[in-house]
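Reading the structure
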Amino acid sequence: MSDRNHPMADGAASVLVAGGAGYIGSHVVHRLRAAGRCPVVVDSLVTGHRDAVPAAVPFLEADVGDRSRVAEFIARHRVRAVVHLAALSRVGESVEAPRRYYQGNLVASLALLETVLDAGVPAFVFSSTAAVYGSPEGTPIPESHPTRPINPYGETKLAIERALEAYHLAYGLRYAALRYFNAAGAEASAGLGERHEPETHLIPLVLDVALGLRPAVTIHGADYDTPDGTCVRDYIHVCDLADAHLAALVHLESGGGSGAFNLGTGRGYSVQEVVEAARRVTGHPIPVSHGPRRAGDPSTLVASPGLAGERLGFYARRSGLDVIVRDAWAFHRARGERYAG
Ligand SMILES: NC(=O)c1ccc[n+]([C@@H]2O[C@H](COP(=O)([O-])OP(=O)(O)OC[C@H]3O[C@@H](n4cnc5c(N)ncnc54)[C@H](O)[C@@H]3O)[C@@H](O)[C@H]2O)c1
């Protein structure tokens, strides 16, 4: 780790980005730097990539639950706010291996909160998820919708939201729990994009077909109660998500109220529409095959996004479907060319 060119040399306070080597975290780091902030990153690299974090950003390879090393890092960099994205996030895996999720997401996050409270860090932004709502009663989904997760992944995220609320009331920790809907897109000009292994998200899977890395994309269920029978999701551009984290930090730092905020667009697109957008953007026919429904997949998940606009002043600006697919394709194609080279 090199601190030489880091703005901390001037004594500025830092923002700890936990999970900053991951897909969304690396975009948050990029956005914070563009805004003149001083991000420092802790990441175990369990799913992240060291090369997604610029060399000039102080980096600690550690689990967020490693209290002594994280505490030392927080003190050394005078951290005054935390953005916590570090988690395992595959819903199916959380059903098959719940111990990993309760340990990796819940126990480790509670340990990070202990470290944060002991260090007197006043502001905490948490990556939550639409999975806290479970099977929604209707659409779009407001924050006041009952929270009834239907898998261990959603349970662990909700448990941390509840701890944050209690710690806010008891200890004054200011927090924003950001309930993302479907993150997608890329900041290809910065070399940043989605690189999950194995990949489970629709847009990179579809683009793998366009790159010739997969023969076809499987549509899981075409008999849902939606206009074309395929599931409808609310896709938000990862750069919009990064903007929302900055907006949440500014909100908390200026004394704004704590709570949970949906991050979505309020507009849903079906799996079929995503495939058609990818055909338009890539010019590839993208064959599809049809498979059975997946257990626990609600037909429609669309956010009511108004609260984040009202309280955080956040509005999604880059989240049109074609823009998302175009930006993801720019990243994917560049990676595909690197592999081919
Ligand atoms: N991608 C989405 O659509 C989506 C939707 C809702 C919520 N989220 C949440 O957003 C966050 C980021 O998601 P992502 O898609 O960027 O995933 P990702 O796997 O790309 O990033 C997670 C990062 O956290 C690190 N990490 C995981 N557990 C850790 C631990 N215990 N200690 C230290 N580092 C750890 C990983 O190495 C990785 O770099 C997660 O909390 C996820 O649950 C993502």
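Residues numbered from 1 in each chain as written. Predicted model: local features only at pLDDT ≥ 70, side-chain atom pairs only at ≥ 80, totals over all residues.

1. Details of the packing of helix H1 (residues 23–34) against helix H7 (residues 238–253)
To characterise two packed helices, one gives the angle between the axes of the helices and the distance between these axes. The condition that has to hold: Helix axes are fitted only over the stretch in contact, all axes being lines through C-alpha atoms; the angle between N-to-C directions runs from 0 to 180 degrees. Strands are runs of DSSP state E lasting at least two residues, helices are runs of H or I lasting at least four, and both sets are numbered from the N terminus onward. Orientation labels follow simple angle bins: below 35 degrees gives roughly parallel, above 145 gives roughly antiparallel, 65 to 115 gives roughly perpendicular, and whatever is left gives oblique. Left-handed describes a crossing whose near helix is turned anticlockwise from the far helix by less than a right angle; the clockwise case is right-handed. In this description, a residue-residue contact is defined by the distance between C-beta atoms placed from the backbone, which must lie within 7 Å. Charged means Asp, Glu, Lys or Arg here, nonpolar means Ala, Val, Leu, Ile, Met, Phe, Trp, Tyr, Cys or Pro, and polar covers whatever is left, Gly included.
Running from N to C, H1 and H7 point in directions that differ by 60°, and their axes come no closer than 8 Å. If you check the angle between H1 and H7, you find them oblique. Between H1 and H7 lies a crossing whose hand is right-handed. For the pair H1 and H7, the contacting residues are Tyr23, Ile24, His27, Val28, His30, Arg31 and Leu32 in the first and Val238, Cys239, Leu241, Ala242, Asp243, His245 and Leu246 in the second. Of the residues assigned to the contact of H1 with H7, the class counts are nine nonpolar, three polar and two charged.

2. What about the domain arrangement of the chain?
For clarity, the threshold we go by: An automatic or database domain assignment provides the domain bounds reported here.
Assigned domains within the chain: domain 1 (11–184 + 235–263) and domain 2 (188–233 + 266–340). The straight-line distance from the C-alpha centre of domain 1 to that of domain 2 is 23 Å. Those elements that place two or more of their residues in the side of domain 1 that touches domain 2 are H1, strand S7 (182–184), strand S10 (235–237), H7 and strand S11 (259–263). No other element matches H7, which puts seven residues into the side of domain 1 that touches domain 2. Taken together, the residues of the side of domain 1 that touches domain 2 sort by class into 18 nonpolar, 14 polar and four charged.

3. Quick notes on the site of the ligand
What counts, and what does not: The C-beta atom of each residue is placed using the backbone, and any residue whose C-beta lies within 6 Å of a molecule or strand is treated as near it.
Inspection of the region around the ligand gives 28 residues, with Gly19, Gly22, Gly48, Ala86 and Ala87 positioned closest. Listed by contribution, the elements that provide at least two residues to the shell around the ligand are H1, helix H4 (98–119), strand S5 (123–129) and S7. When residues in the shell around the ligand are grouped by element, the largest group, three residues, is from H1. Looking at side-chain class alone, the shell around the ligand contains 13 nonpolar, 13 polar and two charged residues.

4. A closer look at the nonpolar core
Selection rule: Definition of nonpolar core: a set of buried Ala, Val, Leu, Ile, Met, Phe, Trp, Tyr and Cys residues joined via C-beta atoms within 7 Å. As a rule, residues whose C-beta atom has 12 or fewer other C-beta atoms within 10 Å are exposed, those with 20 or more are buried, and those in between are partly exposed; C-beta atoms are placed from the backbone.
In this structure, Ala18, Leu178 and Val274 are the most contacted members of the largest nonpolar core, which totals 106 residues. Looking at which element gives the most residues to this core, the answer is H7, with 10 residues. Shared between two domains, this core takes at least three residues from each, and those domains are domain 1 (11–184 + 235–263) and domain 2 (188–233 + 266–340). Contact partners of leucine 178, with chain neighbours within four places excluded, come to Val125, Phe126, Ser127, Ser128, Ala244, Ala248, Phe261 and Leu263.

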